[in-house]
Amino acid sequence: MNSNPKRFEDALGATGLIAILRGVRNTEAEAIGAALYESGFRIIEVPLNSPEPLVSIAALRRSLPADCIVGAGTVLKTEQVEQVKAAGGELIVMPHSDGAVIRAARAAGLYSAPGVATVTEAFAALDAGADVLKMFPAEQLGPQVVKAWRAVVPRDIALLPVGGITPQGMEAFRAAGASGFGLGSALYAPGLSVAEVRLRAQAFVAAWKALA
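Residues numbered from 1 in each chain as written. Predicted model: local features only at pLDDT ≥ 70, side-chain atom pairs only at ≥ 80, totals over all residues. Heavy atoms only, no water.

J.: Break down the nonpolar core for me, citing the residues and quoting the values.
T.: Most often, soluble globular proteins keep nonpolar side chains buried together rather than apart. Within the largest apolar cluster, 61 residues are counted, with the highest numbers of intra-cluster contacts made by L36 and F41. The greatest single-element share of this core, amounting to six residues, is contributed by helix α9 (residues 194-211). Counting residues in each nonpolar core, the second largest holds 13 residues, with A11, I18, A113 and V132 among its members. (Core = buried A, V, L, I, M, F, W, Y, C linked by side-chain atoms within 4.5 Å. Buried < 20%, exposed > 50% of the residue type's maximum accessible area, 1.4 Å probe, protein only. Helix = DSSP H or I, 4+ residues; strand = E, 2+ residues; numbered from the N terminus.)

Here it is as structure tokens:
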């Protein structure tokens, strides 16, 4: 596990929202990251199927304050963990729950957020050293599954629904026990201007604060 788990907890506690910048170009990464940070976001991930993702991760880490955690999404293989770390990334987010990748992240001193869709996967991920659980896809699981999981998953483990989350859709998940959310195309999509991303980010943060 990362040597400073409280740092991730603090970052998630700031808004409970993780920005997923799928498709971001490295030429715009710093400006988009600054808009998100100024809006209140403290965790940003760049999926590895984006253009030159490691360059974008390095740019974000270089330009953002230390209290913002920068990481990679769509991490599928153990060798990618070291690549992310070398770029300055601190968080490994996965669409699946591969124990080898989770253990590689742990060994590298990085935070990990594996994607899980069943309670069996959730507990296997925790046994492998996961820091938080990415409930994916949230559209399929729904708030009722979050509520059921919350009854058995330790309260100090964050449950983070990801997939199709909108500002209006957070309330039901939050009431069911979600600890936060990963936000994709409703927050950022290729082609959006910095101003548009800022407005969307502000809408998400306002919705989150309304639920606190």
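J.: Could you give an account of the environment of R22, naming the residues involved and the relevant values?
T.: Tracing the chain through its elements places R22 in the loop between β1 (17-20) and α2 (26-39). On the accessibility criterion, R22 (38% relative accessible area) is partly exposed. As for R22 and T74, which are separated by 52 residues in sequence, their C-alpha atoms are 9.4 Å apart. Not counting residues within four places of it along the chain, the set of residues in contact with R22 comprises P47, N49, S50, T74, Y188 and P190. Reaching out from R22, the side chain makes a polar contact with the side chain of N49 at a distance of 2.8 Å. (Contact = heavy atoms within 4.5 Å. Polar contact = N/O pair within 3.5 Å; in protein donor to acceptor, adjacent residues only side chain to side chain.)

J.: Explain the side chain of R150 to me, using residue names and the numbers behind them.
T.: Looking at the secondary structure, you find R150 in helix α7 (residues 138-150). Separated by 2.7 Å, the side chain of R150 and the backbone oxygen of P154 make a polar contact. Among the polar contacts listed, one links the side chain of R150 to the backbone oxygen of I157, at a separation of 2.8 Å. Those residues in contact with R150 that sit more than four places away from it in its chain are R155, I157, L159, A176, G177 and S179.

J.: Give a detailed account of the pairing of strand β2 (residues 43-47), specifying residues and quantitative values.
T.: When you tally the buried positions in β2, you get five out of five residues, the bulk of the element. Burial along β2 is two-sided: the face carrying I43, E45 and P47 and the face carrying I44 and V46 are both buried. With two bridges joining them, β1 and β2 adopt parallel strand pairing. Of the residues in β2, the one forming a bridge with I20 is E45. On the question of chirality, the crossover connecting β1 to the parallel β2 by way of α2 is right-handed. Handedness of the crossover joining β2 and strand β3 (residues 69-73) through helix α3 (residues 53-63) is recorded here as right-handed. (Pairing = 2+ DSSP bridges. Right-handed = clockwise from strand over helix to strand, strands pointing away.)

J.: Just give me the short version of the environment of S56, but keep the residues and values in it.
T.: Topologically, S56 is positioned in helix α3. By relative accessible area, S56 is classed as buried at 0%. Measuring from C-alpha to C-alpha, the distance between S56 and E121 comes to 31 Å, with 65 residues separating the pair along the chain.

J.: Go over the side chain of E90, please, and point to the residues and values.
T.: Within the secondary structure, E90 sits in the loop between α4 (78-86) and β4 (91-93). Judged by its relative accessible area of 14%, E90 is buried. Polar side-chain contacts of E90 include one of 2.6 Å to the side chain of R61. Ignoring anything within four residues of it in the chain, the contact list for E90 reads R7, R61, C68, I69, V70, G71, L110 and Y111.

J.: An account of the pattern of salt bridges is requested, with residue identities and associated values reported.
T.: One pass over the structure, following the stated rule, counts seven salt bridges. Ionic pairing is found between D10 and K6, a salt bridge with its closest N-O pair at 3.0 Å. Taken as a pair, D10 and K6 lie in helix α1 (residues 5-15) at a separation of four residues, close to a single helical turn. For D10, a relative accessible area of 44% corresponds to the partly exposed category. Where salt bridges share partners, they join R7, R61 and E90 into one cluster. (Salt bridge = Lys/Arg side-chain N within 4 Å of Asp/Glu carboxyl O.)

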